[in-house]
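Here is what each chain is made of, one letter per residue.
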Amino acid sequence: MALVKAGVVVLDCAEPEKLAEFYRELLDGERTAASANLVEVRGADGVRLAFRRDVNATPPSWPRPENSLQAHLDFLVEDLDEAERRIVDLGGRPIETRDVAGPYEERG
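Residues numbered from 1 in each chain as written. Predicted model: local features only at pLDDT ≥ 70, side-chain atom pairs only at ≥ 80, totals over all residues. Heavy atoms only, no water.

The name an unreviewed UniProt entry assigns to the protein is Glyoxalase-like domain protein, from the organism Streptomyces cyanogenus.

This is how it looks when you write it as structure tokens:
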């Protein structure tokens, strides 16, 4: 038995309810906990994400250097174009892609 087990990834954000709902829908999941400053969701595959209110949080501006990447989540998808359409439908925004490096196509 492992001494330490991964629990939940917690992301600080200005609007935890809104961000949690985005990921709940994206991951076909469910809201598992909520309080005034924290909302947790569990995706259909079991991944657990929580979103904590930070009134001073600003969204990362990756790939631009100002306020750049603070953390990122990697998701595996079968059809990248279809996944991007779903993300945009849920209110996400596409980021311009560059030349692909490596065996997998990536979008930021």
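A. Spotlight on the overall build of the protein. Looking only at helices and strands, the protein features two helices and four strands. What you see in the protein, going N to C, is helices and strands ordered as β-α-β-β-β-α. The buried share of the protein, taken over its 108 residues, is 18%. Within the protein, contacts between residues at least 6 apart in sequence are counted, and of these 47% link residues at least 24 apart. Summed over its atoms, the accessible surface of the protein is roughly 8,400 Å², and 51% of this surface lies on carbon and sulfur atoms. (Helix = DSSP H or I, 4+ residues; strand = E, 2+ residues; numbered from the N terminus. Buried < 20%, exposed > 50% of the residue type's maximum accessible area, 1.4 Å probe, protein only. Contact = heavy atoms within 4.5 Å. Areas by Shrake-Rupley, 256 points an atom, 1.4 Å probe, with all protein chains shown as cover.)

B. Just the side chain of Glu40, in detail. Here Glu40 is to be found in strand S3 (residues 38–42). Polar contacts involving the side chain of Glu40 include one to the side chain of Arg48, which spans 2.9 Å. Sequence-distant contacts of Glu40, that is, excluding residues within four places in its chain, are made with Val8, Glu30, Arg31, Thr32, Ala33, Arg48, Leu49 and Ala50. (Polar contact = N/O pair within 3.5 Å; in protein donor to acceptor, adjacent residues only side chain to side chain.)

C. Geometry of the sheet that holds S3. On the basis of which strands lie adjacent, the open sheet formed by four strands has the order S1-S4-S3-S2 and mixed pairing. Taken across any chain shown, the strands that pair with only one partner, and hence form the sheet edges, are strand S1 (9–13) and strand S2 (30–34). Going across the sheet, the axis of each strand differs from the next one's by a mean of 25°, ignoring polarity. Sheet topology note: the S2/S3 ladder contains four bridges and is antiparallel. Paired with Glu30 across the two strands is Arg42, which belongs to S3. The sheet contacts of helix H1 (residues 16–26) involve S1, S2, S3 and strand S4 (48–53), and relative to S4 the element is tilted by about 165°. (Pairing = 2+ DSSP bridges. Axes fitted to C-alpha atoms, helices over the stretch in contact; angles between N-to-C directions.)

D. Layout of unusual backbone geometry. Even without a glycine there, the phi angle at Asp28 is positive, about 50°. Tracing the backbone shows Asp28 in the loop between H1 and S2.

E. Molecular detail of the packing of aromatic side chains. The full count for this structure, using the stated rule, is two aromatic pairs. Seen in terms of ring centroids, Phe22 and Tyr23 are 5.0 Å apart; in terms of plane orientation they differ by 90°. Their pairing is edge-to-face. Its relative accessible area of 15% is what places Phe22 among the buried residues. Classification of Tyr23 by relative accessible area gives buried; the value is 15%. An angle of 10° between the planes, with centres 5.6 Å apart, marks the rings of Tyr23 and Phe51 as stacked. With Tyr23 in helix H1 and Phe51 in strand S4, this residue pair connects regions lying 28 residues apart in the sequence. Just as Tyr23 is buried, Phe51 falls in that class too. (Phe/Tyr/Trp six-rings, centres within 6.5 Å; stacked < 30°, edge-to-face > 60°.)

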